Amino acid sequence: AEYTRVAVCKPHDCYDNNALVLFSIENGVVYGKVLDRQTPLLIGAPSPTMAAALEKSWRGEFRQGR
């Protein structure tokens, strides 16, 4: 399936407060990882494979070079 990716963060505090969302209109699903004050939360009950893909994409967006 094709997914659309959206990444957002709190201005001036991106490192500790951000979110990455993947959604598929074709499949009618939304998955995401939200980091709120260093507390991670997965949304959409992703499978282990999808959770790993979210983590990889999230790290690429918010933890580049770390």
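Read on for a plain summary of the structure. These figures come from a predicted structure and were not determined experimentally.

## A closer look at the overall build of the protein chain
A tally of helices and strands in the protein chain yields one helix and four strands. Projecting the C-alpha coordinates of the protein chain onto the three principal axes gives extents of approximately 35 × 20 × 20 Å. Expressed as a percentage of contacts within the protein chain between residues at least 6 apart in sequence, the contacts between residues at least 24 apart total 30%. For the protein chain, the accessible area works out to roughly 4600 Å², and carbon and sulfur atoms hold 55% of it. Counting 8 positive and 7 negative side-chain charges, the protein chain places the centres of these two groups 7 Å from one another.

## What about the nonpolar core?
Core analysis: the largest hydrophobic core is formed by eight residues, namely Leu-20, Leu-22, Tyr-31, Leu-35, Met-50, Leu-54, Trp-58 and Phe-62. Of all the secondary-structure elements, those providing two or more residues to this core are strand 2 (17-24), strand 3 (29-36) and helix 1 (48-62). Here this core gets four residues from one element, more than from any other, and that element is helix 1. Apart from the residues within four sequence positions on either side, Met-50 is in contact with Tyr-3, Leu-22 and Tyr-31.

## Overview of the packing of aromatic side chains
The final tally for this structure, using the stated rule, is one aromatic pair. Between Trp-58 and Phe-62 the ring centres are 6.3 Å apart and the planes differ by 50°, which places this aromatic pair in the tilted class. A residue pair is termed a helical-turn pair when its members lie 3 or 4 positions apart in one helix, as Trp-58 and Phe-62 do in helix 1 at four residues. The pair formed by Trp-58 and Phe-62 is uniform in burial state, with each residue classed as buried. Just above the ring of Trp-58 sits the side chain of Lys-33; from NZ or CZ to the centre is 3.6 Å.

Definitions and limits used
- All residue numbers refer to position in the chain's written sequence, counted from 1.
- Predicted model: local features are reported for residues with pLDDT of at least 70 only, side-chain atom pairs are reported and counted for 80 or more only, and whole-chain, interface and lining totals are derived from all residues.
- Here the side-chain values reflect all heavy atoms present in the structure, with hydrogen atoms and water set aside.
- Going along the chain from the N terminus, every DSSP run of H or I of four or more residues is numbered as a helix, and every run of E of two or more is numbered as a strand.
- Whether two residues are in contact is decided by their heavy atoms, any of which lying within 4.5 Å being enough.
- The accessible surface values rely on the Shrake-Rupley method and a 1.4 Å probe; as for residues, cover is taken only from the protein chains in view.
- We count Lys and Arg on the positive side and Asp and Glu on the negative side, and we leave His and both chain ends out.
- Charge positions come from single atoms, namely NZ of Lys, CZ of Arg, CG of Asp or CD of Glu.
- Nonpolar core, defined: a set of buried Ala, Val, Leu, Ile, Met, Phe, Trp, Tyr and Cys residues in which side-chain atoms within 4.5 Å join the residues together.
- Buried residues are those whose accessible area, probed at 1.4 Å on protein chains only, stays under 20% of the maximum for their type, while exposed residues exceed 50% and partly exposed ones sit between those limits.
- Only the six-membered ring of Trp is used, alongside the rings of Phe and Tyr, when aromatic pairs are assigned; centres must lie within 6.5 Å, and planes under 30 degrees apart are stacked while those over 60 apart are edge-to-face, with the rest tilted.
- The rule is short: NZ of Lys or CZ of Arg within 6 Å of the ring centre and within 35 degrees of the ring normal puts a charge over the ring.

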